[in-house]
Protein chains: 4
Amino acid sequence: MLDALKEAVCEANRQLPASGLVHLTWGNVSGIDRAAGIFGIKPSGVDYEALRPTDIVLVDLDGKVVEGALNPSSDTKTHLALYRAWEGIGGVTHTHSVDATTFAQAGRDIPCFGTTHADHFYGTIPVCRALMPEEVEQDYEANTGKAIVEHFRDHRIDPLAVPGVLQLHHAPFTWGKNALDSLHNSIALEMCARMALGTMQLNSAATPIPPHILDKHYLRKHGPGAYYGQKGH
Amino acid sequence: MLDALKEAVCEANRQLPASGLVHLTWGNVSGIDRAAGIFGIKPSGVDYEALRPTDIVLVDLDGKVVEGALNPSSDTKTHLALYRAWEGIGGVTHTHSVDATTFAQAGRDIPCFGTTHADHFYGTIPVCRALMPEEVEQDYEANTGKAIVEHFRDHRIDPLAVPGVLQLHHAPFTWGKNALDSLHNSIALEMCARMALGTMQLNSAATPIPPHILDKHYLRKHGPGAYYGQKGH
Amino acid sequence: MLDALKEAVCEANRQLPASGLVHLTWGNVSGIDRAAGIFGIKPSGVDYEALRPTDIVLVDLDGKVVEGALNPSSDTKTHLALYRAWEGIGGVTHTHSVDATTFAQAGRDIPCFGTTHADHFYGTIPVCRALMPEEVEQDYEANTGKAIVEHFRDHRIDPLAVPGVLQLHHAPFTWGKNALDSLHNSIALEMCARMALGTMQLNSAATPIPPHILDKHYLRKHGPGAYYGQKGH
Amino acid sequence: MLDALKEAVCEANRQLPASGLVHLTWGNVSGIDRAAGIFGIKPSGVDYEALRPTDIVLVDLDGKVVEGALNPSSDTKTHLALYRAWEGIGGVTHTHSVDATTFAQAGRDIPCFGTTHADHFYGTIPVCRALMPEEVEQDYEANTGKAIVEHFRDHRIDPLAVPGVLQLHHAPFTWGKNALDSLHNSIALEMCARMALGTMQLNSAATPIPPHILDKHYLRKHGPGAYYGQKGH
């Protein structure tokens, strides 16, 4: 079932090593079919090169595996929490990409220093807190998703406008319209982190992009007035 | 029409991902046929691998699309402004390459610290101001080109001797004799930015190259007395 | 004899250049067959691409070459010392990977700043002392192994929980269940070093991962309660 | 004539882009046949991929081109000066590799911080002064070679033990037993520069490798007591 979804999720996962974001098996991508209420996700600990569409594990929105012979990613419940909370998203990517993870480890938000960032993220990419001992013990992966969702709600950040987060001591999660789009946001996040690190090093007083340029770049790519790209894409 | 131009522009764009300067679709190259008064440019948001010469959009010097089924790059009016102001240039490249963009975000000129820089840029690579809200609103991409041209005029910098600029909060633009040459200047700019970042880190009192060595390196590659390379190339 | 071992060791060595950890011939991997009491190791100074399983040199636990026409790696006695001291390990990798070697040269432990580290190393990756002149003169490579083993014993670090070390002024060694697993730990070590360098640069007061998250990440991948990956792998 | 030399020099030049040391056409390798008193060098400004052994330009020790249809590298006289001064060398490589060039631009020697460095360079890699205006005007490339040779003589550095130098405001030159060996020393130099930059960043008080470890590592690879690698290689 859901062959197109499994192919799209498989293909996005297979692009992870070539993207330079992932070493060993440190990353996973999922994508959801909203009509079916089912998402497909990478099986845990499997090499990307060996991945076939039939290996993709299908999971429903109660977290139950509905198809697949392999264990789903150990981060499945985090993906699930994001899909349940945010109906507008269609894909989730988790990596330990070097520079984004560096910001997560340092506990530093990524300010929007330029248009590369503004093209993908409408403002600061936030750090979300680490879990407390009892949250880890109770259900680590589900509570990770819960903490992310609460951070966006409590700080009134629109997850569709800022499709990524850094979890303190851990690593980034991004999301998007579908599996591939969430991967593209992970690539964008890694590049923004790398540039932000250098920007702060070159100029410790560097200021974020002015609001009118943030608006221009974000809105020429997103929303009803967008004119970037080809119509119908 | 202009098949050779479309092939050259297509080929230069296709080299962007392998150059390491560009991720996703963050970059575009154009080239102009001065006799025809028409330039060819990458279509917006199209993958480089999939690009064919027939996809290249042809635009005249009034900014009118004269051939091509796809939307031209969203940065087309910036390229246009440079072609109109500077008759000596034959190609323009725009990327968000990591280290050059880092300098743009930090608002820092790239000093000419060595011969690698001097081989391509005759002195400091400047930062050009960001646009004001009313300039963004009126015509963002055209005014970006206008601001670049004004910066070179007001600071009396010869754009043929310093074929690149960093726009504050944004990213670099370079130009050259043709599409491929403008791409080569983007590669050189990125390398110069990377080395300048390290140079300032190693030695905060590092001084620019002395004028006699700047002259020697620039002039052995450029101008009537050049002796680098093969005759007729 | 021991064809499967030679193939596994050959394959792990051949992965070194693609891993990005090794330039020229600066690295070697070995693996042991505990039942036979024999380990296979890369021959010294041979290119990885040219390596064939029949080139792998077999050495017993007294350090005697038992099969192979080529000289074994000059680091063979270091591998031997680790195999003799630690019965639980099945493979050893030595590289001069850039960021791990940077920490070794700087004489700085790598703190466990995040889950990427915790997934592979249960706490700080230590720096082990350099050898004294008389130790170098007597038997450099054997005494290097001895110093590593003593460091773990004296500081009560479990080598199976922290499968890597940095030798001062030198470079990293890692180990694992088998040749390939020891290589994977070298890849993980390099990534952790790169992220730690950036983390300390971004936030000089960055703190190590809290113990409950260290435990969670290490134990979901290692030991009887592990649930990462596929059963039987 | 000298077909084996031309093939070896061609092959070493063709390895430059894959080595990661060179962008565009920023580098050249030469090799000498001491019996013939002739060296082969890359033609100026030619792409590495297109290079054929018949393109290699043959030059005698008076600097006269004795075979070849193309212009030799613009740096030919620098190579010539090194071959004339140092009879023990058989190859020369010049690149603008990022981190070595960064040290050259910053005017900073590369201290021997570790065994990776000691395996290839017996101590500090020095910065040699830039040329004076009259030296540039008279014969830039020949005087560059002269300044390098004088630096080693005046500072009593053995060029066979320290096969590399950084020229202030410019970039590195390395040499070796033959063309390929000089390229390997450029690779080693670049890695040592990268690690030294990080070492100084992590620990501003980092000390060079102790003499007994420098001796051990250098001498296990070089000289009559060497035991690294295979006999006869």
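The rules we used
- Residues numbered from 1 in each chain as written.
- Chains lettered and ligands numbered in written order.
- Predicted model: local features only at pLDDT ≥ 70, side-chain atom pairs only at ≥ 80, totals over all residues.
- Heavy atoms only, no water.
- Least-squares fit on C-alpha atoms with pLDDT ≥ 70 in both.
- Contact = heavy atoms within 4.5 Å.
- Buried area = accessible area lost by both parts, 1.4 Å probe.
- Salt bridge = Lys/Arg side-chain N within 4 Å of Asp/Glu carboxyl O.
- Polar contact = N/O pair within 3.5 Å; in protein donor to acceptor, adjacent residues only side chain to side chain.
- Helix = DSSP H or I, 4+ residues; strand = E, 2+ residues; numbered from the N terminus.
- Nonpolar A, V, L, I, M, F, W, Y, C, P; charged D, E, K, R; others polar.
- Axes fitted to C-alpha atoms, helices over the stretch in contact; angles between N-to-C directions.
- Parallel < 35°, antiparallel > 145°, perpendicular 65-115°, else oblique.
- Left-handed = near helix turned anticlockwise from the far one by under 90°.
- Pairing = 2+ DSSP bridges.

**Q** Which residues make up the relation of the copies chain C and chain A, and what values do they have?
**A** In this structure, two copies of a chain are linked by a rotation about an axis accompanied by a shift along it. For the pair chain C and chain A, the relating rotation is 90°, the translation along its axis is 0.0 Å, and the fit reaches an RMSD of 0.0 Å. One copy is carried onto the other by what is essentially a four-fold rotation axis. Residue C:Q201, judged by its C-alpha, is the member of chain C lying nearest the rotation axis, at 6.2 Å. A share of only 3% of interface residues in chain C that are also interface residues in chain A marks the association as one of differing surfaces.

**Q** Describe the interface of chain B and chain D, with residues and values.
**A** Contacts between chain B and chain D engage 33 residues on the former and 33 residues on the latter. Surface buried jointly by chain B and chain D totals about 2,900 Å² across both partners, of which 58% is contributed by carbon and sulfur atoms. Seen at the junction of chain B and chain D, the total is 2 salt bridges. As a salt-bridge pair, D:D75 and B:R220 come within 3.3 Å of each other at their nearest N and O atoms.

**Q** Residue-level account of the interface of chain C and chain A, with values.
**A** Each partner contributes to the interface: chain C provides 34 residues, whereas chain A provides 33 residues. Note on chain C versus chain A: buried area summed over both sides is about 2,900 Å², and carbon and sulfur give 58% of it. The three residues of chain C that bury the most area against chain A are C:M195, C:L202 and C:Q230, which together make up 24% of that side's buried surface. Inspection of the region where chain C meets chain A yields 17 residue pairs in polar contact (both at pLDDT 80 or more). Within the residue set of the side of chain C that touches chain A, elements represented by two or more residues are helix 4 (115-118), helix 6 (179-202) and helix 7 (211-221) of chain C. Here the side of chain C that touches chain A takes 11 residues from helix 6 of chain C, the largest share from any one element. Each residue belonging to the side of chain C that touches chain A can be placed in one class, and the counts come to 14 nonpolar, 14 polar and 6 charged.

**Q** I'd like a rundown of the packing of helix 6 (residues 179-202) of chain B against helix 3 (residues 98-106) of chain D, residues and numbers included.
**A** Their axes nearest at 8 Å, the elements helix 6 of chain B and helix 3 of chain D cross at an angle of 50°. In terms of orientation, helix 6 of chain B and helix 3 of chain D fall into the oblique class. Classified by chirality, the crossing of helix 3 of chain D by helix 6 of chain B is right-handed. Of the residues in helix 3 of chain D, those in contact with B:M191, B:R194, B:M195, B:A196, B:G198, B:T199 and B:L202 of helix 6 of chain B are D:V98, D:T101, D:T102, D:F103, D:Q105 and D:A106. For the contact of helix 6 of chain B with helix 3 of chain D, the residue count by class is 7 nonpolar, 5 polar and 1 charged.

**Q** Give me the lowdown on the sheet that holds strand 5 (residues 91-95) of chain A, citing residues and values where you can.
**A** Residues and elements named next belong to chain A. Strand order in the open sheet made by the 8 strands is 4-3-2-1-5-8-7-6, with mixed pairing throughout. Taken across any chain shown, the strands that pair with only one partner, and hence form the sheet edges, are strand 4 (65-67) and strand 6 (127-128). Of the pairings in the sheet, the one linking strand 7 (residues 164-167) to strand 8 (residues 172-176) comprises 3 bridges and is antiparallel in character. Looking across to strand 8, one finds that L166 is bridged to P172. Seen against the sheet, helix 1 (residues 3-19) touches strand 1 (27-33), strand 2 (38-41), strand 3 (57-60), strand 4 and strand 5 and runs at an angle of roughly 160° to strand 1.

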